[in-house]
Amino acid sequence: MQPVNGPMNEISPVTDAAPIKPVPTLPDAQTVTQVTHWTDRLFSFRVTRPASLRFRSGEFVMIGLMGDPNPETGKQKPLLRAYSIASPSWDDELEFYSIKVQDGPLTSRLQHIEPGDQIILRPKPVGTLVHDALLPGKRLWLFATGTGFAPFASLLRDPQTYDDYDEVIITHTCREVGELTYGSKLIESIRADEMLAELIGEGFADKLRYYPTTTREESPKMGRITDLMRSGEVFADLGVPPLCPETDRAMICGNLAFNLELKDLLESYGLEEGANSKPAHYVVEKAFLD
Ligand code: A2P
């Protein structure tokens, strides 16, 4: 966004100068540094990180833009939504992964941001998809649909994820192949990242298993993850036993119907839901939909 007032210099006629209007500054403003459009329905972006912001991988913050002025009062209110932070806690910037909804109040506008623009970011991270909400275990399952991949993009770059578990399995179910790209590129970059290997420990990526599936477009593995679990196909493919409370921990992030169905399924394996205040076997959070 452009500043309203141009710079003054010695040839500016002081007397004729336009009345100085205050520059509209957003509350909790952060600057967009990068935007990537993955499909016509998905994009990711990076913004500056407030120096004081500390967060745990998997948490979310409220972000947004100023709403349209109220027709009667002319007042503007921030239009905010919960967004999982997709970047790891050691990163200098913050990354977000978003859907574009053409008539969505926020994302219809947010999808047009460009580097240099400002967004509002309330620096109060919260959320349940955190390591602290899980008891120690052997194998961590991360179950995502659509933009529900975002919190896991953070957790998958957190050293604790690999320190705490022998094996980390991420499943991602989308309608179409193109919707898997953000996730598959991220997995690829994690595997090739020498700095991460130094930070987390050589060979850490061997613990990481990636299981993408699609439901409406042909791909090497088709089907909803819930169906693939019920049939046992996912366990056969990965060569692991079905989940059990002794060894397996899980985090769920996707659309509401998916979250509920998977919750039931995990409970049928004997897993219990955990929280920050009472760690247990699995945790769940809704992916943002505008
Ligand atoms: P499907 O195409 O069979 O509905 P969406 O884009 O609507 O949020 O969906 C993302 C993915 O989640 C889609 O592949 C969709 O499959 C899948 N999905 C939707 N509901 C469920 C559910 N109850 N259980 C498992 N997967 C689901």
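Use the structure listed above.
So, how was this worked out
- Residues numbered from 1 in each chain as written.
- Predicted model: local features only at pLDDT ≥ 70, side-chain atom pairs only at ≥ 80, totals over all residues.
- Heavy atoms only, no water.
- Helix = DSSP H or I, 4+ residues; strand = E, 2+ residues; numbered from the N terminus.
- Buried < 20%, exposed > 50% of the residue type's maximum accessible area, 1.4 Å probe, protein only.
- Contact = heavy atoms within 4.5 Å.
- Pairing = 2+ DSSP bridges.
- Axes fitted to C-alpha atoms, helices over the stretch in contact; angles between N-to-C directions.
- Salt bridge = Lys/Arg side-chain N within 4 Å of Asp/Glu carboxyl O.
- Near = heavy atom within 4 Å.
- Polar contact = N/O pair within 3.5 Å; in protein donor to acceptor, adjacent residues only side chain to side chain.
- Areas by Shrake-Rupley, 256 points an atom, 1.4 Å probe, with all protein chains shown as cover.
- Nonpolar A, V, L, I, M, F, W, Y, C, P; charged D, E, K, R; others polar.
- Phe/Tyr/Trp six-rings, centres within 6.5 Å; stacked < 30°, edge-to-face > 60°.

Considerations on the overall build of the protein
Summing up its helical and strand segments, the protein has 8 helices and 11 strands in all. Each of the three principal axes of the protein carries a C-alpha extent, and together these read 80 × 40 × 40 Å. Relative to its 290 residues, the protein shows a buried fraction of 48%. Counted over contacts in the protein with a minimum sequence separation of 6, partners at least 24 positions apart contribute 72%.

Some words on the pairing of strand E10 (residues 248-254)
With 7 of 7 residues buried, E10 lies mostly within the body of the structure. A two-sided burial pattern is seen for E10, the buried positions comprising Asp248, Ala250, Ile252 and Gly254 on one face and Arg249, Met251 and Cys253 on the other. Here 6 bridges tie strand E7 (residues 139-145) to E10, and the two strands are oriented parallel to one another. Bridge pairing links alanine 144 to cysteine 253 in E10. Of the pairings in the sheet, the one linking E10 to strand E11 (residues 282-286) comprises 5 bridges and is parallel in character. Within E11, the position partnered with alanine 250 by the bridge is tyrosine 282.

Things to note about the sheet that holds strand E1 (residues 29-37)
The strand order E4-E3-E6-E1-E2-E5 describes an open sheet built from 6 strands, whose pairing is antiparallel. Two strands lie at the open edges of the sheet, namely strand E4 (78-84) and strand E5 (93-99), each paired on one side alone. Mean inter-strand twist for the sheet, computed between neighbouring axes without regard to direction, equals 40°. Taken together, the 7 bridges between strand E3 (residues 60-66) and E4 define a ladder with antiparallel strand orientation. Following the sheet pairing, isoleucine 63 is matched in E4 by arginine 81.

Structural notes on the pattern of salt bridges
The tally for this structure, following the rule as stated, stands at 16 salt bridges. In this structure, aspartate 28 and arginine 122 form a salt bridge, with 2.8 Å as the shortest nitrogen-oxygen distance. Highlighted residues: aspartate 28 in the segment before E1 and arginine 122 in strand E6 (residues 118-126), separated in sequence by 94 residues. Glutamate 167 is the salt-bridge partner of arginine 209, the closest N and O atoms lying 2.9 Å from each other. Pair noted here: arginine 209 is in strand E9 (residues 208-214) and glutamate 167 is in strand E8 (residues 167-174), with a separation of 42 residues, a long-range link. Take glutamate 167: its relative accessible area is 16%, and that puts it in the buried class. Here the residues in one salt-bridge network are Arg46, Asp91, Glu93, Glu95 and Arg157, joined through shared partners.

Topic: the site of the ligand
Close contacts around the ligand come from 13 residues, with Arg175, Thr215, Arg216, Arg224 and Glu261 the closest. Take arginine 175: an N or O atom from its side chain is 2.9 Å from an oxygen atom of the ligand. Within the backbone of alanine 257, one N or O atom sits 3.3 Å away from a nitrogen atom of the ligand. Protein coverage of the free-state accessible area of the ligand, which is 560 Å², stands at 84%. When contributions to the shell around the ligand are tallied by element, the ones reaching two or more residues are E8 and helix H8 (256-268). Of the residues belonging to the shell around the ligand, the class tally is 3 nonpolar, 5 polar and 5 charged.

Things to note about the environment of aspartate 290
As for its placement among the helices and strands, aspartate 290 is situated in the segment after E11. Aspartate 290 sits in the buried class, given a relative accessible area of 18%. Linking aspartate 290 and proline 105, residues 185 residues apart in sequence, is a C-alpha distance of 6.9 Å. Once residues lying within four places of it in the same chain are set aside, the contact partners of aspartate 290 are Arg81, Ile99, Val101, Gly104, Pro105, Leu106, Thr107 and Ser108.

Some thoughts on the packing of aromatic side chains
Applying the stated criterion to the full structure yields 10 aromatic pairs. Here phenylalanine 235 and tyrosine 269 contribute two aromatic rings whose centre-to-centre distance is 6.3 Å and whose plane-to-plane angle is 85°, an arrangement assigned as edge-to-face. With a gap of 34 residues between them, phenylalanine 235 in helix H7 (residues 233-238) and tyrosine 269 in the loop between H8 and E11 connect regions that are remote in the sequence. With relative accessibility at 6%, the residue phenylalanine 235 sits in the buried group. Feature note: the residues Trp38, Tyr97, Phe149 and Tyr182 constitute an aromatic cluster, connected by ring pairs.

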